[in-house]
Amino acid sequence: MTSKLKVNLINDSGDNNIITSDGSGNLTTQKILQPNFSVKLTSNQSVSASTLTTLQFNSEQWDSDGKFDTSTYRFTPTIAGKYCISFTIMMQNIATAGNRIQYSLYKNGAFYADVGDWQPSTGSGADPAATLSLLIDFNTTDYVYVTAYHDSGTGAKDISSDYSFFQGFRIGS
């Protein structure tokens, strides 16, 4: 004997639809893993030597709830909970041995975490990339953004728009 439970709708205690089915096995979830976003640079961004620079992630690939601000380059989820936040950044043409590249995540205007690279190349320019992925607890007003720094000579270096991304999603309360 087999038992079956057939439903087309599951609601939470506030009578909000959280899972629906179209009757053909296709489910739609409501607000699970939301808000979420993925942004990138519109074009390469110049970072001056020895200068902490906020990266201008101003091109949304998606933004489920409109929580990423493309004018301040910040994600403010407004829904308290735990979030997975990550970024990958590539700086172009670093060619001198011993140069430092540092990418940082700031939360509420204060340093939170970073990932760095000391480029050992002594030949032609290299394009080092780094990735940081963290689980972060947010309240309703917390926000995050990404910065870059390098000390490769006195000139500016470019962050590659083709290989640099900033992403996040809610994983629970």
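Calculation criteria
Residues numbered from 1 in each chain as written. Predicted model: local features only at pLDDT ≥ 70, side-chain atom pairs only at ≥ 80, totals over all residues. Heavy atoms only, no water. Helix = DSSP H or I, 4+ residues; strand = E, 2+ residues; numbered from the N terminus. Buried < 20%, exposed > 50% of the residue type's maximum accessible area, 1.4 Å probe, protein only. Contact = heavy atoms within 4.5 Å. Areas by Shrake-Rupley, 256 points an atom, 1.4 Å probe, with all protein chains shown as cover. Pairing = 2+ DSSP bridges. Axes fitted to C-alpha atoms, helices over the stretch in contact; angles between N-to-C directions. Salt bridge = Lys/Arg side-chain N within 4 Å of Asp/Glu carboxyl O. Polar contact = N/O pair within 3.5 Å; in protein donor to acceptor, adjacent residues only side chain to side chain. Phe/Tyr/Trp six-rings, centres within 6.5 Å; stacked < 30°, edge-to-face > 60°.

Caption draft 1: The arrangement of the overall build of the chain in detail. Summing up its helical and strand segments, the chain has 0 helices and 16 strands in all. Among the 173 residues that make up the chain, the fraction classed as buried is 38%. A sequence separation of at least 24 residues applies to 68% of the contacts in the chain between residues at least 6 apart. With the model as given, the accessible surface of the chain reaches about 9,300 Å², and the carbon-plus-sulfur share is 48%.

Caption draft 2: Highlighting the sheet that holds strand S16 (residues 165-172). The antiparallel open sheet is built from 5 strands, whose spatial order is S7-S4-S16-S10-S13. Of all strands in the sheet, those bounded by a partner on one side alone are strand S7 (57-63) and strand S13 (129-138). Taken over all neighbouring pairs, the strand axes of this sheet differ in orientation by 20° on average, direction set aside. Judged from the 5 bridges that link them, strand S4 (residues 36-41) and S16 form a sheet pairing that is antiparallel. Looking at the pairing, Val 39 lines up with Phe 166 of S16.

Caption draft 3: Quick peek at the pattern of salt bridges. A full pass over the atoms with the stated rule returns 2 salt bridges. A salt bridge links Lys 82 to Asp 137; its shortest N-O distance comes to 4.0 Å. Highlighted residues: Lys 82 in strand S10 (residues 81-90) and Asp 137 in strand S13, separated in sequence by 55 residues. Given a relative accessible area of 46%, Asp 137 falls into the partly exposed group.

Caption draft 4: Molecular detail of the side chain of Ser 164. Mapped onto the elements, Ser 164 comes out in the loop between strand S15 (157-159) and S16. Within the structure, the side chain of Ser 164 is placed 3.2 Å from the backbone nitrogen of Met 90, a separation counted as a polar contact. Only 2.7 Å separates the side chain of Ser 164 from the backbone oxygen of Ser 160, close enough to count as a polar contact. Apart from the residues lying within four places of it in its own chain, the contact partners of Ser 164 are Val 39, Lys 40, Leu 41, Phe 57, Thr 88, Ile 89, Met 90 and Ile 159.

Caption draft 5: Examining the pairing of S4 more closely. Counting buried residues along S4, 5 of its 6 residues qualify, which places the element largely inside the surrounding structure. Of the pairings in the sheet, the one linking S4 to S7 comprises 5 bridges and is antiparallel in character. Within the sheet, the bridge partner assigned to Val 39 lies in S7 and is Glu 60.

Caption draft 6: Summary view of the packing of aromatic side chains. Counted according to the given criterion, the structure contains 11 aromatic pairs. Measuring from centroid to centroid gives 5.6 Å for Phe 57 and Phe 166, while their planes differ by 50°, and the two rings are tilted. Residue Phe 57 is located in strand S7, and its partner Phe 166 is located in strand S16; the two are separated by 109 residues in the primary sequence. A residue is classified by how much of its surface remains accessible, and Phe 57, at 0% relative accessible area, is buried. By the ring-pair criterion, three or more aromatic residues cluster together here, those being Phe 37, Phe 57, Phe 68, Phe 75, Tyr 83, Phe 138 and Phe 166.

In short, the description is geometric, and any link to function would need to be established separately.
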